[in-house]
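Analysis of the macromolecular model
The lines below spell out each chain.
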Amino acid sequence: MQRRFLLTAVALVITASTACTRSPQSPGPATNQRSLLGAVPVPAVQGQWPVMVVTKNASCGCCGAWVERMRANGFRVEVHDVDNLDLIKTRLGIPAGKGSCHTAEIGGYFVEGHVPAADIKRLLAERPAAKGLVLPGMPLGSPGMEVPDGSAQPYTVELIGQQGEATTFAQH
């Protein structure tokens with residue numbers, strides 16, 4: 001009798017703990033879940049984001065650091081070193097004055113410059129009718145542009161619309 005009671009109690013604890021972690025509508029572990037920030041859906045399993053193709057200059061150290069930040073945030077990254085980035089920026093329609101030191105393509109969008117991973121994940125989750133994101137220049141403190149003392153300058157990531165218009169996407 002005592003053994004049956006113990007087995008029943010264990011079964012109730014297991015059932016209760018799984019009921020708390022998934023709602024009845026929750027489709028299961030392979031779907032998107034909310035991040036700790038609560039706003040950016042992230043894949044339950046790393047590597048479910050589309051492959052990110054980064055084009056950069058071979059000698060650019062900050063570009064390599066940005067690529068490592070993207071990999072640390074779950075992106076699979078393919079890197080292509082080129083001598084002339086202008087060709088890719090023109091092909092993708094990156095507006096004049098909005099360029100940076102590297103260009104990425106992911107999920108049908110471009111990502112120009114040191115854009116944070118959370119902004120890219122938000123872009124992929126929301127899927128706006130746009131060409132991509134830009135972070136012109138190389139702002140101090142942006143991913144890949146960190147400095148030892150932790151200082152940073154404020155910067156704005158912009159969304160480039162289908163007609164090339166820029167609107168604020170995120171401020172950091």
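Heads up: these notes are all about the structure in this document. Every value quoted in this text rests on a predicted model; they were computed, and no experiment measured them.

Met-52, Trp-66, Met-70, Phe-75 and Ile-120 are the most contacted members of the largest nonpolar core, which has 25 residues in total. Elements with a minimum of two residues in this core: β3 (52-56), α2 (61-72), β5 (102-106), β6 (109-113), α4 (117-126), β7 (130-135), β8 (156-161) and β9 (166-171). Sort the elements by how many residues they give to this core and α4 lands first, with 4 residues. Ignoring sequence-local partners within four residues, the contact set of Met-70 consists of Met-52, Phe-75, Val-77, Val-115, Pro-116, Ala-117 and Ile-120. Core analysis: the second largest hydrophobic core is formed by 7 residues, Leu-92, Phe-110, Val-134 and Ile-160 among them.

Next up on the list: the pairing of β8. Buried residues dominate β8, accounting for 5 of its 6 residues. In terms of strand pairing, β7 meets β8 through 4 bridges, oriented antiparallel. Paired with Leu-133 across the bridge in β8 is Leu-159. Bridging between β8 and β9 involves 5 bridges; their strand directions are antiparallel. Along β9, the bridge assignment pairs Val-157 with Ala-170. In this antiparallel pair of consecutive strands, β8 and β9, the connection spans 4 residues, and Gly-164 shows a positive phi of 90°.

So, on to the sheet that holds β9. Sheet architecture is open: 7 strands sit in the order β4-β3-β5-β6-β7-β8-β9, paired in mixed fashion. Two strands close off the open sheet at either side, each with one partner strand: β4 (77-81) and β9. The mean inter-strand angle of the sheet, taken between neighbouring strand axes irrespective of direction, is 20°. Packed onto the sheet, α2 meets β3, β4, β5 and β6 and runs at close to 170° relative to β3. In the packing of α4 onto the sheet, contacts are made with β3, β5, β6, β7, β8 and β9, and the angle to β9 comes to roughly 120°.

So, about the pairing of β6. Among the 5 residues that make up β6, 5 are buried, leaving the element largely enclosed by the rest of the structure. Counted between consecutive antiparallel strands, the loop separating β5 from β6 contains 2 residues, among which Gly-107 sits at a positive phi close to 55°. Looking at chain direction, β6 and β7 are connected through 4 bridges and run parallel. For Glu-112, the partnering residue across the bridge sits in β7 and is Val-134. Crossover handedness for the path β6 to α4 to β7: left-handed.

Below, the discussion takes up unusual backbone geometry. The phi angle of most residues is negative, glycine excepted, and most peptide bonds adopt the trans form. The phi dihedral of Arg-127 is positive, around 50°, even though this residue is not glycine. Topologically, Arg-127 is positioned in the loop between α4 and β7.

What follows deals with α2. Look at α2: 17 Å from first C-alpha to last across 12 residues, which is about the 16 Å you get at 1.5 Å a residue. Within the span of α2, buried status applies to Cys-62, Cys-63, Ala-65, Trp-66, Val-67 and Met-70. Phi turns positive, to about 95°, at Gly-74, one or two residues after α2.

So, on to the side chain of Lys-89. Counting through the fold element by element, Lys-89 comes out in helix α3 (residues 86-92). A polar atom in the side chain of Lys-89 sits 2.7 Å from the side chain of Thr-103. Once residues within four sequence positions are removed from consideration, Lys-89 is found in contact with Ile-94, Ser-100, His-102, Thr-103 and Glu-112.

Linking two cysteines covalently through their sulfur atoms gives a disulfide. Considering all chains together, one arrives at 0 disulfides under this definition. Note on Cys-62: no disulfide assigned, nearest cysteine sulfur contributed by Cys-60 at a separation of 3.4 Å. Judged by relative accessible area, which is 14%, Cys-62 ranks as buried.

Scoring rules and cut-offs
- Residues numbered from 1 in each chain as written.
- Predicted model: local features only at pLDDT ≥ 70, side-chain atom pairs only at ≥ 80, totals over all residues.
- Heavy atoms only, no water.
- Core = buried A, V, L, I, M, F, W, Y, C linked by side-chain atoms within 4.5 Å.
- Buried < 20%, exposed > 50% of the residue type's maximum accessible area, 1.4 Å probe, protein only.
- Helix = DSSP H or I, 4+ residues; strand = E, 2+ residues; numbered from the N terminus.
- Contact = heavy atoms within 4.5 Å.
- Pairing = 2+ DSSP bridges.
- Axes fitted to C-alpha atoms, helices over the stretch in contact; angles between N-to-C directions.
- Right-handed = clockwise from strand over helix to strand, strands pointing away.
- Expected span 1.5 Å × (residues − 1).
- Polar contact = N/O pair within 3.5 Å; in protein donor to acceptor, adjacent residues only side chain to side chain.
- Disulfide = S-S within 2.5 Å.

Taken by themselves, the reported measurements are silent on function.
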